Amino acid sequence: MVKIFKTVIEFEIFHQTNNKSIGFVPTMGNLHLGHISLLEKALEQNEIAIISIYVNPTQFAANEDLDKYPRTWNEDLEKITNLSNDFPNKEVIIFYPESDAQIYPNGKDTTYTHKKLRSILEGEVRPEHFDGVTSVVKRLFEITRPTIAYFGKKDFQQYIIIKDMVKEINLPVKVVAMPIIRESDGLAMSSRNRFLDHGQRQKALILNKSLKEIQQILTLDLKKARQHANKLIINDNNWNYLEVRNAKDLKLASETDQHIVILGNYQLGNTRLLDNLEVEK
Ligand code: AMP
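Residues numbered from 1 in each chain as written. Predicted model: local features only at pLDDT ≥ 70, side-chain atom pairs only at ≥ 80, totals over all residues. Heavy atoms only, no water.

With respect to the helices, strands and loops of the structure, Val 133 is situated in helix α6 (residues 129-144). The class of Val 133 is buried, set by a relative accessible area of 2%. Sequence spacing of Val 133 and Lys 115 is 18 residues, and the spatial spacing of their C-alpha atoms is 13 Å. Discounting chain neighbours no more than four positions away, the residues touching Val 133 are Asn 56, Gln 59, Gln 158 and Ile 162. (Helix = DSSP H or I, 4+ residues; strand = E, 2+ residues; numbered from the N terminus. Buried < 20%, exposed > 50% of the residue type's maximum accessible area, 1.4 Å probe, protein only. Contact = heavy atoms within 4.5 Å.)

Laid out in structure tokens, this is it:
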């Protein structure tokens, strides 16, 4: 069964009597199989799943694609309904806020800042981005009160930042990370892939291919892996970054690190493509 809540008050009423476990998946809509894999896990592991569809204005800078961000409510509803039919004994609530005021009743202020990681990698090019992400997720947690919240590793830095926030301010929710869902040719699924023209779609494969090359070298030699990443960047100015970091705290990886992540961002026209690969040594 699928219900749609558009206001905070509906959640307040719902929580008054609910004693079931809640799995929560925050999204900006334009759902693809990556999002659906998160919702499926939420339904498997909880009695109720909540998915929010909200294009959060505070995580977009003035020059970014807030207005152009794809909004596909009818298709999204259909995908969620199809999945929920596979779970006849469970309930899905879609949170589709009717206005920004539902999320930001006191104006669009930042309510949490992750000082250490807000300015590296994605944050270097998008200085306000993570303040918007943490603030909206914190607010959505307040509204939906989840037992477990699900995040894709596609946005690896976002996942680490949210996990840290939950720990630091002691929010009563467990954060679970889910694997990256890819197209058959390796491109990570993303709502922004639809902006790629035919030539760009072909070129986009460089991102995952490069991560794999670095991953292979990294299993033998960190220094050589880093040299390879630097060579790739120097030869192709579409790279916004391509870095080898510790997967726990995103510090630059060192020889003793066991769990490493290679993170890349590749620019094609106005589209920033994000991907990463983890390596266990
Ligand atoms: P978004 O709608 O882009 O904000 O994404 C909502 C959630 O879906 C985030 O936790 C993302 O990391 C996750 N997500 C997006 N794309 C993928 C993907 N290809 N595989 C797995 N999770 C994803």
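Another aspect to go through is helix α3 (residues 73-85). An ideal rise of 1.5 Å per residue puts 18 Å on 13 residues; α3 measures up with 18 Å between its terminal C-alpha atoms. Where α3 is concerned, the buried positions are Asp 76, Ile 80, Leu 83 and Ser 84. The buried residues of α3 occupy an angular sector of 100° when the element is viewed end-on, so they sit on one face. Turned more than 90 degrees from where α3 packs its buried face, Asn 74, Glu 78 and Asn 85 sit exposed. Considering only its buried residues, α3 is in contact with β1 (2-5), α2 (33-45), β3 (48-53) and β4 (91-95). (Expected span 1.5 Å × (residues − 1). Arc of directions from axis to C-beta.)

To continue, consider the pairing of β4. Most of β4 sits out of view: 5 of its 5 residues are buried. Residue alternation in β4 divides its side chains into two sets, Glu 91, Ile 93 and Phe 95 and Val 92 and Ile 94, and both sets are buried. Relative to β4, β1 is paired through 4 bridges, and the arrangement is parallel. Counterpart to Lys 3 in the pairing with β4 is Ile 93. Pairing between β3 and β4: 5 bridges, direction parallel. Paired with Ala 49 across the strands is Val 92, a residue of β4. (Pairing = 2+ DSSP bridges.)

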